[in-house]
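Chain by chain, the residues:
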Amino acid sequence: MFKIGFDNNKYLKMQSERIKERISEFGGKLYLEFGGKLFDDYHASRVLPGFQPDSKLQMLLQLKEQAEIVIVISTQDIEKNKLRGDLGITYDRDVIRLIDAFTAKGLFVGSVVLTKYAPHPRVTAFENRLKKLGYPVYHHYVIDGYPSNISHIVSDEGYGINDYIETSRSLVVITAPGPGSGKMATCLSQLYHENKRGIKAGYAKFETFPIWNLPLKHPVNAAYEAATADLNDINMIDPWHLAAYGKTTVNYNRDVEIFPVLKAMFDEIYGECPYKSPTDMGVNMAGNCIFDDDAVREAAKQEIIRRYFTALCADARGDNKNDEVYKLELLMKQAEISDTSRKCTFWARELADKTGEPAAAIELNDGTIITGKTSKLMGCASAMLLNALKHLAGINDVLLIVPEVIIPVQELKVNYLGNHNPRLHTDEVLIALSISAATDKNAALAMEQLRNLKNCEMHSSVLLTPVDENILKKLGIRLTCDPNKQ
């Protein structure tokens, strides 16, 4: 059941005020690392129900006259065609999407940085595309001994080999399509180069997760580990903060590891580091805006389970996610949950076992479970979708789509488009439903209920087609699948 547990209006107010305070602490120039997704943070909206995916963007728009955006992407992610799981597009395509989205909002995108740079055909093609669009591209390299060999890193042979990013505004926002792109290293490299040019610049970090003032093993923080299982990020108590203030806060391993580098850089630039801990670097106020901890805990547990199923399905498709699966299993044990802690999973499997056919189940926002199974006319996801819309519209024992509409679509698929499977996918069902809605009031009522599927939890006993997955995501349905092929 979907329950709000996070006050987004309070968050916008508190977070914007905190960022403005941090900007004022540094004169001249501030490099602000934006962790997570800046434009559409769907992970945050799932684990903090009530959080709006564009909250960070709304805060940034208040500073757009002085802000410049630099987008960072790892060349290794380009080579591997790494995907954004929530959008189903590659990281390099997402960079182009982000540029267009930021520009459309009136924000200035200054350049793109290719980190861990090494020549590769895909990398070269992407760089050429950016240059044709008129965006400067800079190269940052892998530095030997990073992050432990501080004397080498903070030198002309370390950060000195990176390109200097030309910027023109006082607030430089460093963002990326996803984690592990090299945002912090880009900021530190710029501080080194700015200092050599006699320019005073500061650094701060806006990272939503892990939430520093929630317990280490809180499900929200565990969900962050689940989201970065492929990077092997680990939440931990910030030892620097504990030593400096005697207070327990939560950070993650990469920030703790890199802090000595940051401290050494500030010591060199200013004679003294303004931060005593990685936690000090952050400006995150999300933990102060949770008003229903139970709702947030449940949402975060569901996210861990969803990540687990995603990894299982990737492994079934041959993407070799074994290590990721093992880590997610451990996180579920620590959170005292299992795959059947998801109600829709239990009911989808129950129906599949009973009928011997692929089955799907959805938990509506009021907690009601609706199921559907594969038939000669449509797949399990399509059947479940229609059953859910009928329930929401209060329609019983009525055909929403008559055979006269379905049969011609099936004939088109098999006889003219070369498909072997005549069953209707979710996109085809919705098109057929919209046609029926023109003349049938029940179909029209059902169409009106599509908006009420947002944030519903769904499970399929089999792997669904990419077409079905994409349609369900567009409807805002949170899908998981068992790693079984039909």
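The structure displayed is predicted, hence computed values, not measured ones.

Conventions adopted
Residues numbered from 1 in each chain as written. Predicted model: local features only at pLDDT ≥ 70, side-chain atom pairs only at ≥ 80, totals over all residues. Heavy atoms only, no water. Helix = DSSP H or I, 4+ residues; strand = E, 2+ residues; numbered from the N terminus. Rg over C-alpha atoms; globule rule 2.2 N^0.38 Å. Buried < 20%, exposed > 50% of the residue type's maximum accessible area, 1.4 Å probe, protein only. Axes fitted to C-alpha atoms, helices over the stretch in contact; angles between N-to-C directions. Parallel < 35°, antiparallel > 145°, perpendicular 65-115°, else oblique. Left-handed = near helix turned anticlockwise from the far one by under 90°. Contact = heavy atoms within 4.5 Å. Phe/Tyr/Trp six-rings, centres within 6.5 Å; stacked < 30°, edge-to-face > 60°. Pairing = 2+ DSSP bridges. Polar contact = N/O pair within 3.5 Å; in protein donor to acceptor, adjacent residues only side chain to side chain. Salt bridge = Lys/Arg side-chain N within 4 Å of Asp/Glu carboxyl O. Patch = residues over 30% accessible without salt bridge, like charges linked within 9 Å, V, L, I, M, F, W, Y side chains within 5 Å. Areas by Shrake-Rupley, 256 points an atom, 1.4 Å probe, with all protein chains shown as cover.

Along the protein, the regular secondary structure elements total 20 helices and 14 strands. For 486 residues, the compact-globule formula gives about 23 Å, and the C-alpha radius of gyration of the protein, at 25 Å, lands near that figure. Projected onto the principal axes, the alpha-carbon positions of the protein cover approximately 75 × 50 × 40 Å. Considering the protein as a whole, with its 486 residues, one finds that 54% of them fall into the buried category.

Attention now moves to the packing of helix 16 (residues 380–393) against helix 18 (residues 426–437). Running from amino to carboxyl end, helix 16 crosses helix 18 at an angle of 40°, the nearest separation of the two axes being 8 Å. With respect to helix 18, the axis of helix 16 lies oblique. Relative to helix 18, the crossing made by helix 16 is right-handed. On the side of helix 16, the interface is formed by A381, S382, L385, L386 and L389, while helix 18 contributes T426, V429, L430 and L433.

Moving on, we get to the packing of aromatic side chains. For the structure on display, the rule yields twelve aromatic pairs. Here the aromatic rings of F6 and F51 are separated by 5.7 Å at their centres, their planes lie at 50°, and the arrangement is tilted. Within this pair, whereas F6 is found in the segment before helix 1 (8–25), its partner F51 is found in the loop between helix 2 (42–47) and helix 3 (55–61), the two being separated by 45 residues in sequence. The class for F6 is buried, based on a relative accessible area of 2%. Ring centres 6.0 Å apart and planes at 90° place the aromatic pair F266 and Y275 in the edge-to-face group.

Attention now goes to the environment of N81. Locating N81 in the fold gives a position in the loop between helix 4 (75–79) and strand 3 (83–84). On the basis of relative accessible area, N81 is assigned to the partly exposed category, the value being 32%. In the structure, N81 is positioned 285 residues away from D366 in sequence and 39 Å away in space, judged by C-alpha atoms. Excluding residues within four positions of it along the chain, N81 makes contact with T90 and R122.

Okay, the pairing of strand 11 (residues 359–363) next. Taking burial as the measure, the five residues of strand 11 include five buried ones, the bulk of the element. Here strand 11 shows no split at all, with A359, A361 and E363 on one side and A360 and I362 on the other all buried. One ladder, built from five bridges, connects strand 11 with strand 12 (residues 369–373); its direction is antiparallel. For A360, the partnering residue across the bridge sits in strand 12 and is G372. What sits between the antiparallel neighbours strand 11 and strand 12 is a turn of five residues, in which G367 has the positive phi angle 95°. As paired elements, strand 11 and strand 13 (residues 457–460) share four bridges and run antiparallel to each other. Pairing of A360 across the sheet is with S460, part of strand 13.

The next thing to look at is the sheet that holds strand 12. Spatial strand order, 12-11-13-14: four strands in an open sheet with mixed pairing. On the outer flanks of this sheet lie strand 12 and strand 14 (478–481), each paired with one strand and no other. Put simply, the sheet's adjacent strands are angled 15° from each other on average, direction ignored. Direction of pairing for strand 13 relative to strand 14: parallel, over a ladder of four bridges. Opposite H459, over in strand 14, you have T480 as the bridge partner. Sitting on the sheet, helix 15 (residues 343–355) touches strand 11, strand 12, strand 13 and strand 14, and the angle it makes with strand 11 is about 150°.

This part takes up the side chain of S16. Relative to the helices and strands, S16 resides in helix 1. From its side chain, S16 meets the backbone oxygen of L12 in a polar contact 2.8 Å long. In this structure, S16 is in contact with Y11, M59 and Q62, ignoring residues within four places of it in sequence.

Quick look at the sheet that holds strand 2 (residues 67–74) now. Here six strands make up an open sheet; going across it, the order is 6-5-2-7-1-8 and the pairing parallel. Looking at the sheet topology across the chains shown, the edges are occupied by strand 6 (137–139) and strand 8 (202–206). Adjacent strand axes in the sheet meet at a mean angle of 25°, parallel and antiparallel pairs treated alike. Strand direction decides the pairing type here: strand 1 (residues 30–34) and strand 7 (residues 171–175), joined by four bridges, are parallel.

A separate point is the pattern of salt bridges. Charged atoms that come close allow side chains of opposite charge to pair. Tallied over the full model, the rule gives 28 salt bridges. R46 is the partner of E303 in a salt bridge, and the nearest nitrogen-oxygen pair spans 2.8 Å. Linking E303 in helix 13 (residues 293–316) with R46 in helix 2, this pair joins segments that are 257 residues apart in sequence. For R46, a relative accessible area of 15% corresponds to the buried category. The shortest N-O distance in the salt bridge between R307 and E303 comes to 2.9 Å. Residue R307 and its partner E303 are located together in helix 13, separated by four residues, close to a single helical turn. For E303, a relative accessible area of 2% corresponds to the buried category.

Now for a nonpolar patch on the surface. Side chains of L412, Y416 and L417 sit close together on the surface and give an oily, nonpolar patch of about 370 Å² of accessible area. Looking at where Y416 falls in the secondary structure, it is placed in helix 17 (residues 403–416).

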